[in-house]
Amino acid sequence: METNISRRNLIKGGAAFAAAATLLGASACSPRKDAENAPAAKSDLPADLRASDFKYSVVETDPITSFASEETYDIVVVGAGCAGVPAVLTAVEEGATVACLQKEATVAANGNGCSFVVKEASNWSGIARWRSDWAKLSDWRINPALVQY
C-alpha cells in the first residue's frame, strides 16, 4: 500500500518528534551522585570532565614537559579528511606554510564515497564484493551495520 504524505504533515510530524525527543532528553539529564561521576582529581582539567572519562582512554592527562622540536607554521590543519586535505592544498597554493595533524599513519577520508548498490541489478555476490571493496578503500574503518543498512 502506498501512502502519500504532504509536506505540511511531514513538517508537523517532525516538529512533534523533535519536541518529544527534547522532553525525553531533558528528563534523562538528572544529575547522578555516585563516585564515578565525581570531577577528575586534576584541578587543571575543565570542570565538566569526570575521572571515568579517562578510564579507557589513550589521552594523557599529565602535562607535556619535554619537546623534540618546535615548529612554526602559518596554518595548522587538524585532520586529513574530506575537509582537511582541500584546506591544506588551498593554503599551500596560496603560499602559506602548513602543518597537517592526522591521527592515522596515512590519509584516509571516509566521506569521499559516491557509491551505492542497485539491488534490482545486483546479486548477493556482487553486493558482498562491493561491501568488501568499500571496506578496503576505507582502510577497514567502517561501521558494518551502517554499510549493511
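Coordinates for the structure precede this section.
Residues numbered from 1 in each chain as written. Predicted model: local features only at pLDDT ≥ 70, side-chain atom pairs only at ≥ 80, totals over all residues. Heavy atoms only, no water.

Draft legend 1. Spotlight on the overall build of the protein chain. When you go through the protein chain residue by residue, the secondary structure sums to four helices and two strands. The helix and strand sequence of the protein chain, counted from the amino end, reads α-β-α-β-α-α. Put simply, of all contacts in the protein chain between residues at least 6 apart along the chain, 26% involve residues at least 24 apart. Accessible surface, the protein chain: about 13,000 Å² in total, of which carbon and sulfur atoms supply 58%. (Helix = DSSP H or I, 4+ residues; strand = E, 2+ residues; numbered from the N terminus. Contact = heavy atoms within 4.5 Å. Areas by Shrake-Rupley, 256 points an atom, 1.4 Å probe, with all protein chains shown as cover.)

Draft legend 2. Representation of a nonpolar patch on the surface within the structure. Side chains of Tyr73, Val76, Val78 and Leu101 sit close together on the surface and give an oily, nonpolar patch of about 400 Å² of accessible area. Tracing the backbone through its elements, the reader meets Val76 in strand S1 (residues 75–78). (Patch = residues over 30% accessible without salt bridge, like charges linked within 9 Å, V, L, I, M, F, W, Y side chains within 5 Å. Salt bridge = Lys/Arg side-chain N within 4 Å of Asp/Glu carboxyl O.)

Draft legend 3. The arrangement of the pairing of S1 in detail. Note: S1 against strand S2 (residues 98–101), four bridges, orientation parallel. Looking at S2, one finds that Val78 is bridged to Leu101. Handedness of the β-α-β unit built from S1, helix H2 (residues 84–93) and S2 comes out right-handed. (Pairing = 2+ DSSP bridges. Right-handed = clockwise from strand over helix to strand, strands pointing away.)

Draft legend 4. Here's a closer look at the nonpolar core. Among the nonpolar cores identified, the biggest contains five residues, and these are Val77, Val88, Ala91, Ala96 and Val98. If we skip the residues at most four places from it in the chain, Val77 touches Gly84, Ala87, Val88, Val98, Ala99, Cys100 and Leu101. (Core = buried A, V, L, I, M, F, W, Y, C linked by side-chain atoms within 4.5 Å. Buried < 20%, exposed > 50% of the residue type's maximum accessible area, 1.4 Å probe, protein only.)

Draft legend 5. Here's a closer look at the environment of Val77. By the secondary structure assignment, Val77 is in strand S1. Assessed through its relative accessible area of 11%, Val77 is described here as buried. Residues Val77 and Ala87, spaced 10 residues apart in sequence, show a C-alpha to C-alpha distance of 7.4 Å.

Draft legend 6. Structural detail: the pattern of salt bridges. Applying the stated criterion across every chain, the model contains one salt bridge. A salt bridge links Arg129 to Asp133; the nearest nitrogen and oxygen atoms lie 3.2 Å apart. Taken together, the positions of Arg129 and Asp133, both in helix H3 (residues 124–137) and four residues apart, correspond to about one turn of that helix. Given the relative accessible area of 33%, Asp133 is considered partly exposed.

Draft legend 7. Just H3, in detail. An ideal rise of 1.5 Å per residue puts 20 Å on 14 residues; H3 measures up with 20 Å between its terminal C-alpha atoms. Among the residues trailing H3, Asp139 stands out with phi positive, at a value near 55°. (Expected span 1.5 Å × (residues − 1).)

Draft legend 8. Spatial organisation of H2. Among all positions in H2, only Gly84, Val88 and Ala91 are buried. The buried residues of H2 occupy an angular sector of 70° when projected down its axis, which confines them to one face. Turning to H2, the residues buried within the fold contact S1 and S2. After H2 finishes, the residue Gly95 shows a positive phi value of roughly 95°. (Arc of directions from axis to C-beta.)

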